[in-house]
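Structure at a glance
As a plain string of letters, each chain reads:
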Amino acid sequence: MSGSSGEVLLEVTDGVAVVTLNAPQRRNALTPAMAGELIATFDEVDARDDVGALVVRAEGRSFCAGGDVQTLTDAGRDPAAPEAYAGMGAIYDSFYRLGQVKAPTIAAVRGSAVGAGMNMLLAADLRVVARDVRLICGFLKRGLHPGGGHFVLLSRLVGREAAAAMALFGEEVDGETAVRLGLAWETLDDDAVDARALELATRVAQDPALARVTVANFRKETGPPGVSWEIATQFERPAQMWSMRRPTD
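Residues numbered from 1 in each chain as written. Predicted model: local features only at pLDDT ≥ 70, side-chain atom pairs only at ≥ 80, totals over all residues. Heavy atoms only, no water.

So, the nonpolar core
Test applied: Nonpolar core, defined: a set of buried Ala, Val, Leu, Ile, Met, Phe, Trp, Tyr and Cys residues in which side-chain atoms within 4.5 Å join the residues together. Classification of residues uses two cut-offs on accessible area relative to the type maximum, computed with a 1.4 Å probe and protein chains only: under 20% is buried, over 50% is exposed, and between them is partly exposed. In this text, helices come from DSSP runs of H or I with a minimum length of four residues, and strands from runs of E with a minimum of two, each type numbered from the N-terminal end. Here, residues are in contact when the closest pair of their heavy atoms is within 4.5 Å.
Residues Leu135 and Leu154 are the most contacted members of the largest nonpolar core, which totals 63 residues. Ranked by residues supplied to this core, first place goes to helix H5 (residues 150–168) with 7 residues. With residues up to four places along the chain from it excluded, the contact list for Leu135 reads Val109, Ala113, Met118, Leu121, Met166, Glu171, Glu172, Val173, Ala178 and Leu183.

Here it is as structure tokens:
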């Protein structure tokens, strides 16, 4: 299954949805149209009760080069123009929507991820990256202020110091550094990244209903804004009781 342009592909197997960014000719840079297809695809995934995990990956040599250059150029002429404002909003909404997918999500990242492409991988629950990956905030280099909640997404994983190094001072991160900083769970050779992400996704997808309930509370307890341990126990209690009451095979 795919969107109308073929730039977003969806395949569901054994409870795992694989969403592929499929615009390698422009390094999977996000246009408003492609962003709209991503949002529609995530909506389709959420409508399926049989999906217990989602992997987002990309074709070609880049995970995502950020916002499409022409889109950014057009927006720069008059950022407040309705069409430009809506176009940039669609790009922001695409990775925000990934962060709201009901099932646990994994980003399988090869090549480079820049700007909005970084936000896309940061929006996932877990990241598996190639050893030679290039993770670049890149906004300031383009003359842009970071957008889409970039500081929140980045700092909640790597902390203030590393976020400053990357987002303000332009430090580039490879796979080994990403793992050391807490920006990724694991780094592997390029050709092993997708398979490892699918392995992890298949594991949690065995029980889709439990996966969805659990990841919802995981995000409440670990994502911004932070909650106290006491409040976290209240989030967990009804979900745990629900899981205990379900019939077992």
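Here the narrative resumes, following the displayed structure.
With respect to the state of the cysteines
We count it as follows: Here, two cysteine sulfur atoms that lie within 2.5 Å of each other are counted as a disulfide.
If you walk through the whole model with that rule in mind, you get 0 disulfides. Cysteine Cys64 is unpaired, with the sulfur of Cys137 as its nearest cysteine sulfur at 13 Å.

Considerations on the environment of Thr31
Considering the arrangement of structural elements, one finds Thr31 in the loop between strand S2 (16–21) and helix H1 (32–46). Setting aside its immediate chain neighbours within four residues, Thr31 contacts Glu7, Arg26, Asp68, Thr71 and Ile91.

Description of the pairing of S2
The condition that has to hold: The rule for pairing is simple: two strands pair if DSSP sees at least two bridges between them. Seen with the strands pointing away from the viewer, any crossover whose path from the first strand over the helix to the second strand runs clockwise is right-handed.
A large share of S2 lies buried, amounting to 6 of its 6 residues. Burial of S2 is two-sided: the residues Val16, Val18 and Thr20 facing one way and the residues Ala17, Val19 and Leu21 facing the other way are all buried. Between strand S1 (residues 8–13) and S2, which follow one another and run antiparallel, lie 2 residues, and Asp14 among them has a positive phi close to 50°. Judged from the 6 bridges that link them, S2 and strand S3 (residues 53–58) form a sheet pairing that is parallel. Within the sheet, the bridge partner assigned to Val16 lies in S3 and is Ala53. Read from S2 through H1 to S3, the crossover connection turns out right-handed.

Structural notes on the side chain of Glu7
By secondary structure assignment, the location of Glu7 is in the segment before S1. Discounting chain neighbours no more than four positions away, the residues touching Glu7 are Thr20, Leu21, Asn22, Ala23, Gln25, Arg26, Thr31, Met34 and Glu37.

Focus: the sheet that holds strand S4 (residues 105–109)
This is how the line gets drawn: Where helices are involved, their axes are fitted lines through C-alpha atoms of the stretch in contact, as for all axes, and angles between N-to-C directions lie from 0 to 180°.
Taken together, 6 strands build an open sheet; the order of strands is S1-S2-S3-S4-S6-S8 and the sheet is mixed. With one partner strand each, in any of the chains shown, S1 and strand S8 (186–188) form the two edges of the open sheet. Along the sheet, successive strands turn relative to each other by an average axial angle of 20°, direction set aside. Here S1 pairs with S2 via 6 bridges, running antiparallel. In the strand pairing of S2, Val12 is matched with Ala17. Contacts from H1 reach S1, S2 and S3 within the one sheet, and its direction differs from that of S1 by about 15°.

Taken by themselves, the reported measurements are silent on function.
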